[in-house]
Amino acid sequence: LFPYTTLFRSIKAGDVLVGLPSTGLHTNGYSLARKLFFEVAGYKPTQYVTGIKEKAGAALMRTHRSYLHVIQKLVTAGLTTGMAHITGGGITENLPRILPKTTGAQIEIGSWPVLPIFEHLRELGQVSQEEMMRTFNMGIGLIVAIPAEKFTRAKNLLTRAEEKFYVIGRVVKGERRVQYT
């Protein structure tokens, strides 16, 4: 369907990393979330949790969103050099999978709103920032690498598509890993 074989080879230092929001946990961190909600906090699935402004069970069962429509538009327009779906392993382990060996990623903490469920889980389990970033998507479900020179076009396309997005970082020279600032 898409020319993925050449797509990821063109990622380079300077590319803008755009995060598309998740709707919740998606497919990662359920074991820890269930333990913290039901064992540590003692919530019942039907119990309203003030910290997340919804019932515990509903928060854990929130539907995973599809990014297909926006991916199709970006790829068809030639505006992306790569994409990382943020699942198990969080941003820390998923983003490096698309990076060439000579590049890393610099992610700016605070450049997107963290969903209340993640802040609540952090507090319940006294989970470190490092572990949160390795376990959960933290409110970013897909990261798209966009060449800096094409960013304005990509931003306009995303805005026209009424797609919420956040500039969360850049591809940098270095080893294949994520640095948080």
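Residues numbered from 1 in each chain as written. Predicted model: local features only at pLDDT ≥ 70, side-chain atom pairs only at ≥ 80, totals over all residues. Heavy atoms only, no water.

A. Expanded view of unusual backbone geometry. One non-glycine residue, Met-138, lies in positive phi territory at about 55°. Residue position: Met-138 is located in the loop between α7 (129-135) and β6 (140-146). The phi angle at Glu-162 is positive, at roughly 55°, despite the residue not being glycine. With respect to the helices, strands and loops of the structure, Glu-162 is situated in the loop between α8 (151-160) and β7 (166-173). (Helix = DSSP H or I, 4+ residues; strand = E, 2+ residues; numbered from the N terminus.)

B. Representation of the environment of Thr-76 in the model. Mapped onto the elements of the fold, Thr-76 is located in helix α4 (residues 68-76). A relative accessible area of 66% places Thr-76 in the exposed class. A polar contact of 2.7 Å, which involves the side chain of Thr-76, links it to the backbone oxygen of Gln-72. (Buried < 20%, exposed > 50% of the residue type's maximum accessible area, 1.4 Å probe, protein only. Polar contact = N/O pair within 3.5 Å; in protein donor to acceptor, adjacent residues only side chain to side chain.)

C. Broad picture of the side chain of Glu-163. Examined against the element boundaries, Glu-163 turns out to sit in the loop between α8 and β7. Setting aside chain neighbours within four positions, we find Glu-163 in contact with Leu-20, Pro-21, Arg-65, His-69, Val-70 and Leu-158. (Contact = heavy atoms within 4.5 Å.)

D. Quick peek at the packing of α4 against α8. Taken N-terminus to C-terminus, the directions of α4 and α8 make an angle of 145°; their axes are 11 Å apart at the nearest point. At the point where α4 passes α8, the crossing takes the right-handed sense. Along the contact surface, α4 presents Val-70, Lys-73 and Leu-74, while α8 presents Ala-154, Leu-157 and Leu-158. Residue composition of the contact of α4 with α8, by class: 5 nonpolar, no polar and 1 charged. (Axes fitted to C-alpha atoms, helices over the stretch in contact; angles between N-to-C directions. Left-handed = near helix turned anticlockwise from the far one by under 90°. Nonpolar A, V, L, I, M, F, W, Y, C, P; charged D, E, K, R; others polar.)

E. Spatial organisation of α4. Along α4, the positions that sit buried rather than exposed are Val-70, Ile-71, Leu-74 and Val-75. All buried residues of α4 lie within an arc of 125° about the axis, which places them on one face of the element. In the stretch just after α4, Gly-78 is the one whose phi turns positive, near 70°. (Arc of directions from axis to C-beta.)

F. Structural view of the sheet that holds β6. Pairing is mixed in the open sheet, where 6 strands are placed in the order β4-β6-β1-β7-β5-β8. Edge strands, defined here as strands with exactly one partner in the open sheet, are β4 (82-85) and β8 (178-180). The mean angle between the axes of side-by-side strands here comes to 25°, regardless of whether they run parallel or antiparallel. With 6 bridges connecting them, strand β1 (residues 16-21) and β6 associate as antiparallel partners. Bridge pairing links Leu-17 to Ala-145 in β6. Packed onto the sheet, α8 meets β1, β6 and β7 and runs at close to 10° relative to β1. (Pairing = 2+ DSSP bridges.)

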